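Take a look at the letters that make up each chain.
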Amino acid sequence: MNIGLIAHDAKKKLMQNFCIAYRGILSKHELFATGTTGRLIEEVANLNVHKYLAGHLGGEQQMAAQIEHNEMDLVIFLRDPLTSKNHEPDVNHSVRLCDTYNIPLATNLATAELLIKALDRGDLEWREAYR
């Protein structure tokens, strides 16, 4: 399955720790991330990540395009709701696309852990038929 990983600056360390903790599950899937997040994940978790541009340089749009083409099966977007971003409209666009195309989306650690465990149990196999 294709898994998208995005993290706001204040959540990048949390994303790294999440990927370390669930490395065994994540290593069985194709991982895609915005540039900086992907590099940070690779550095600490020893996972292969297809990296887009940095989010603010177009990486979020690249992820959105993959979502629009139904090429993403799960998105984990650890967002910082307390700090406004000058590129927030692009972020909201990705969230809307996940809702539009029925792509499971986690925007916080609790939901990310639920989805990653569901993925490991095979609960997201319906995405294979949906594509």
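(A) Spotlight on the overall build of the protein. When its secondary structure is counted, the protein shows seven helices and five strands. Shown N-terminal to C-terminal, the secondary structure of the protein runs as helices and strands in the order β-α-α-β-α-β-α-β-α-β-α-α. Taken over the C-alpha trace, the protein has a radius of gyration of 13 Å; the compact-globule value for 131 residues is 14 Å, and the two agree within 12%. Taken over the C-alpha atoms alone, the protein extends approximately 35 × 30 × 25 Å along its principal axes. Sorting the 131 residues of the protein into buried and exposed places 50% on the buried side. Residue pairs in contact within the protein that sit at least 24 positions apart in sequence constitute 68% of those at least 6 positions apart. When the accessible surface of the protein is summed, it comes to about 6600 Å², and 50% of that surface belongs to carbon and sulfur atoms. The protein carries 14 positive and 17 negative side-chain charges, and their two centres are separated by 5 Å.

(B) Fine view of the pairing of strand β1 (residues 2-7). Counting buried residues along β1, six of its six residues qualify, which places the element largely inside the surrounding structure. Of the two faces of β1, both are covered, the one formed by Asn-2, Gly-4 and Ile-6 as well as the one formed by Ile-3, Leu-5 and Ala-7. As judged from the four bridges shared by β1 and strand β2 (residues 30-33), these two strands associate in the parallel manner. The partner of Leu-5 across the bridge, within β2, is Ala-33. Note: β1 against strand β4 (residues 74-78), five bridges, orientation parallel. When the sheet's bridge partners are listed, Ile-6 is paired in β4 with Phe-77.

(C) Spatial organisation of the side chain of Asp-80. Here Asp-80 lies in the loop between β4 and α5 (88-100). Residue classification places Asp-80 among the buried positions, given a relative accessible area of 10%. Separated by 3.1 Å, the side chain of Asp-80 and the backbone nitrogen of Leu-82 make a polar contact.

(D) A look at the nonpolar core. Among the nonpolar cores identified, the biggest contains 25 residues, and Leu-5, Met-15, Phe-18, Cys-19, Leu-26 and Ile-76 are the most heavily contacted of them. Taken together, the elements giving at least two residues each to this core come down to β1, α1 (12-21), α2 (23-26), β2, α3 (35-45), β4 and α6 (109-121). At four residues, α6 tops the list of elements feeding residues into this core. Setting aside anything within four residues of it in sequence, one finds Cys-19 in contact with Leu-5, Leu-26, Ile-41, Ala-45 and Leu-47. Membership of the second largest hydrophobic core comes to 12 residues, among which are Phe-32, Met-63, Ala-64 and Cys-98.

(E) Looking closely at α6. With 13 residues, α6 extends 18 Å from end C-alpha to end C-alpha; this agrees with the ideal 18 Å at 1.5 Å per step. Taken together, the buried residues of α6 touch β1, α1, α2, β4 and β5 (105-106). Its side-chain oxygen placed 3.1 Å from the backbone nitrogen of Ala-110, Asn-108 serves as the N-cap of α6. Remark: Gly-122 follows α6 within two positions and exhibits a positive phi of approximately 95°.

Conventions adopted
- Residues numbered from 1 in each chain as written.
- Predicted model: local features only at pLDDT ≥ 70, side-chain atom pairs only at ≥ 80, totals over all residues.
- Heavy atoms only, no water.
- Helix = DSSP H or I, 4+ residues; strand = E, 2+ residues; numbered from the N terminus.
- Rg over C-alpha atoms; globule rule 2.2 N^0.38 Å.
- Buried < 20%, exposed > 50% of the residue type's maximum accessible area, 1.4 Å probe, protein only.
- Contact = heavy atoms within 4.5 Å.
- Areas by Shrake-Rupley, 256 points an atom, 1.4 Å probe, with all protein chains shown as cover.
- Lys, Arg positive; Asp, Glu negative; His and termini not counted.
- Charge placed at Lys NZ, Arg CZ, Asp CG, Glu CD.
- Pairing = 2+ DSSP bridges.
- Polar contact = N/O pair within 3.5 Å; in protein donor to acceptor, adjacent residues only side chain to side chain.
- Core = buried A, V, L, I, M, F, W, Y, C linked by side-chain atoms within 4.5 Å.
- Expected span 1.5 Å × (residues − 1).

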